[in-house]
Amino acid sequence: MKLNVFDESWKQNRIAEYDADPLNPEKALGYALVTLSNELEIDNRIENDHIFCPDFNMTITPRIGKITEKNALLNFVLYAPQWGREVFESSIGTADTTKQAMNTAIQLFLFTLVNAVSKMESEEDAADENIATIFSGKTRSWKVYFSDIAATGDAPEADSHMYWDKLKKLIIKRLGNQKLCYVKIYVAKIAGKISVECRVDSIWSEELSIIAAKMAEQWKVDTFASHQLFFCIRQDEDTVTEYPYFGLEGKALLKSKIKTAVEIFAAASSAGNYDNLLANMKDKLEDTTLAMECFSFIPEICAENAYSQIKYAETVEISIDGRKEKAYYKNQLADYWRIHNIFFELLNEDTFGKDTLEIYKAYIEKSAVKNAILQISQKKEKINNITMSPVQFQFTADFRIR
């Protein structure tokens, strides 16, 4: 439908349509777009299924996760070319009605993540902190932007600096060569029970969550209280190392190469001959480092997914050319979580058809995790109580940390 940009009565129509059928996901999405557009304190316009913010060159795409009579789960995807990546957030609202729950979820998103992003993208230098790291032999400079804290219930007074001061050492350890890293902190205390969600680039971190939970233990709360905030950590352009898979075009290229790597593995598995597997991957992918990562990482990724009741380390240990292993956080490695996410995208899209399950099982059988679990089972220990040590990877001299 073509819209008259000077006549915004269609926005009221979308709100009216939603009010008439608030549990309809399609109507709810229309309402979320209009409400978000109206509430954003930056120039924006609705374009089909997303909102475009020209001053930031940023799009925000809302999705309806789940809505009930008193709850709303909204998912948001933010993208700007200068970030080199997409940013994901899930926002939950609870209220007396569906509409109030939707509004709560939208306001929470605006008050935290959008608040930090707006500071980061403003023309003024509004950084709350400047830090430096060393990764892959290079010093890197970063600017950190804090969101406001969304506090609910009987939450104690606090500011974002308090959380940053407690968590910054562990957060900094997770910085590699990202153009943008984002950290979500959610802490709640309900009738003495603590609930914590600390995520780095959408990946849950037990180490950070333990520290945040200890902070909540000090809260004197009888009913309910919560804090939520974000840190956006942006690397200065002059210290970013070029990486072939930044951005949406880079993701598409990486997805194509990972698909090829899986197809090569599937053919080798079907033939029962893995002798030339890595050499074939190097040849077809035309990226030696990625070939070695697909060869080594995907089996462990599959096994960790299959045996999700086990706790896994947030680090891996890498030895290059026989040298002593060095520990890296998975968040630091540019390809690790990209490979993880794209691999499961391919499976969910049924890219490999009837062979999907067999490919998945074959990867698990080749993993170090599966071998460790077999050893544990032989000792008749319960795997539910196991915390796995970091997996060690041996790479040749032509591998590059990136």
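Residues numbered from 1 in each chain as written. Predicted model: local features only at pLDDT ≥ 70, side-chain atom pairs only at ≥ 80, totals over all residues. Heavy atoms only, no water.

> How would you explain the packing of aromatic side chains if you had to name every residue and give the values?
Summed over all chains, the structure comprises 18 aromatic pairs. On the numbers, 4.5 Å between centres and 20 degrees between planes, the contact of Tyr18 with Tyr31 is stacked. Linking Tyr18 in helix H1 (residues 9-20) with Tyr31 in helix H2 (residues 25-39), this pair joins segments that are 13 residues apart in sequence. A relative accessible area of 0% means that Tyr18 is categorised as buried. You can call Tyr31 buried: its relative accessible area is 5%. Measuring from centroid to centroid gives 6.0 Å for Phe265 and Tyr274, while their planes differ by 40 degrees, and the two rings are tilted. Overall, the relative accessible area of 3% leaves Phe265 in the buried class. (Phe/Tyr/Trp six-rings, centres within 6.5 Å; stacked < 30°, edge-to-face > 60°. Helix = DSSP H or I, 4+ residues; strand = E, 2+ residues; numbered from the N terminus. Buried < 20%, exposed > 50% of the residue type's maximum accessible area, 1.4 Å probe, protein only.)

> Would you mind going over the nonpolar core in detail, with residue names and values included?
In this structure, Ile258, Cys294, Ile298 and Ile318 are the most contacted members of the largest nonpolar core, which totals 59 residues. When contributions to this core are tallied by element, the ones reaching two or more residues are helix H6 (247-271), helix H7 (277-285), helix H8 (288-306), strand S13 (315-320), helix H9 (336-348), helix H10 (356-365), helix H11 (368-378) and strand S15 (392-395). Looking at this core, the element that brings in the most residues is H8, giving 9 residues. Beyond its immediate sequence surroundings of up to four residues, Ile258 is in contact with Cys294, Ile298, Arg338, Ile339, Ile342 and Leu346. (Core = buried A, V, L, I, M, F, W, Y, C linked by side-chain atoms within 4.5 Å. Contact = heavy atoms within 4.5 Å.)

> Residue-level account of the state of the cysteines, with values.
Two cysteines form a disulfide when their sulfur atoms are joined by a covalent bond. In total, this model carries 0 disulfides according to the counting rule given. Cysteine Cys53 shares no disulfide, and the gap to the nearest cysteine sulfur, in Cys232, comes to 14 Å. Free of any disulfide, Cys181 has its nearest neighbouring cysteine sulfur in Cys232, separated by 8.9 Å. Taking the relative accessible area as the measure of exposure, Cys181 reaches 0% and is therefore buried. (Disulfide = S-S within 2.5 Å.)

> An account of the side chain of Gln178 is needed here, citing residue identities and associated values.
The residue Gln178 is located in the loop between helix H4 (160-172) and strand S9 (180-190) in this model. Exposure remark for Gln178: the relative accessible area of 10% places this residue in the buried category. Polar side-chain contacts of Gln178 include one of 3.4 Å to the backbone oxygen of Asn331. With sequence-adjacent residues up to four places away left out, Gln178 is seen in contact with Trp142, Asp201, Gln235 and Asn331. (Polar contact = N/O pair within 3.5 Å; in protein donor to acceptor, adjacent residues only side chain to side chain.)

> Just give me the short version of the packing of H1 against H2, but keep the residues and values in it.
Their axes nearest at 8 Å, the elements H1 and H2 cross at an angle of 135 degrees. Judged by the inter-axis angle, H1 sits oblique to H2. Considering the relative orientation of H1 and H2, their crossing is left-handed. Contact with H1, carried on its side by Trp10, Lys11, Arg14, Ile15, Glu17 and Tyr18, involves Lys27, Ala28, Gly30, Tyr31, Leu33, Val34, Ser37 and Asn38 of H2 and no other residues of that element. In terms of residue class, the contact of H1 with H2 is built from 7 nonpolar, 3 polar and 4 charged. (Axes fitted to C-alpha atoms, helices over the stretch in contact; angles between N-to-C directions. Parallel < 35°, antiparallel > 145°, perpendicular 65-115°, else oblique. Left-handed = near helix turned anticlockwise from the far one by under 90°. Nonpolar A, V, L, I, M, F, W, Y, C, P; charged D, E, K, R; others polar.)

> Hey, could you go over the packing of H8 against H11 for me, with residue numbers and the actual values?
Two elements in contact, H8 and H11, have axes separated by 7 Å at closest approach and are oriented at 45 degrees. Between H8 and H11, the angle falls in the class oblique. Of H11, the residues touching H8 (which contributes Glu300, Ala303 and Glu304) are Ala368, Val369 and Lys370. In terms of residue class, the contact of H8 with H11 is made up of 3 nonpolar, no polar and 3 charged.

> Could you give me a rundown of the pattern of salt bridges, with the residues and numbers involved?
As enumerated under the stated definition, the model contains 26 salt bridges in all. Residues Asp398 and Lys282 are paired through a salt bridge, measuring 3.7 Å at the closest nitrogen-oxygen approach. Separated by 116 residues along the polypeptide, Asp398 in the segment after S15 and Lys282 in helix H7 bring together distant segments of the chain. Accessibility expressed as a relative area gives 35% for Asp398, which makes it partly exposed. Among the charged side chains, a network of salt bridges with common partners joins Glu86, Lys251, Lys255, Glu345 and Glu349. (Salt bridge = Lys/Arg side-chain N within 4 Å of Asp/Glu carboxyl O.)

> Describe in detail the sheet that holds strand S3 (residues 58-67), supporting the description with residues and values.
Taken together, 5 strands build an open sheet; the order of strands is S1-S2-S3-S4-S5 and the sheet is antiparallel. Edge positions in the open sheet fall to strand S1 (45-47) and strand S5 (85-94), since each of these has one partner strand only. Going from strand to strand, the sheet's axes swing by 30 degrees on average, the running direction of each strand aside. (Pairing = 2+ DSSP bridges.)

> I'd like a rundown of the sheet that holds strand S14 (residues 326-329), residues and numbers included.
Strand order in the open sheet formed by 3 strands is S14-S13-S15, with mixed pairing between adjacent strands. Whereas interior strands pair on both sides, the edge strands pair on one side only; in this sheet they are S14 and S15. Each adjacent strand pair in this sheet contributes to an overall mean axis angle of 35 degrees, direction not counted.

> Got a sec to walk through the layout of surface pockets? Specific residues and values, please.
Size it by volume and the largest pocket reaches roughly 930 Å³. Surrounding the largest pocket, 41 residues form its lining, Arg85, Phe88, Tyr182, Asp201 and Asn341 being those nearest its centre. Of all the elements in the fold, those that place two or more residues in the lining of the largest pocket are strand S4 (71-80), S5, S9, strand S10 (193-200), H6 and H9. Looking at the lining of the largest pocket element by element, the count peaks at 6 residues for H9. Taken together, the residues that form the lining of the largest pocket break down as 19 nonpolar, 11 polar and 11 charged. Volume-wise, the second largest pocket comes out at about 540 Å³. (1 Å grid on protein atoms, 1.4 Å probe; cavity = no way out; pocket = protein on both sides within 12 Å on 5 of 7 lines; lining within 4 Å. Points joined across faces, edges and corners; volume = space filled by probe spheres on them.)

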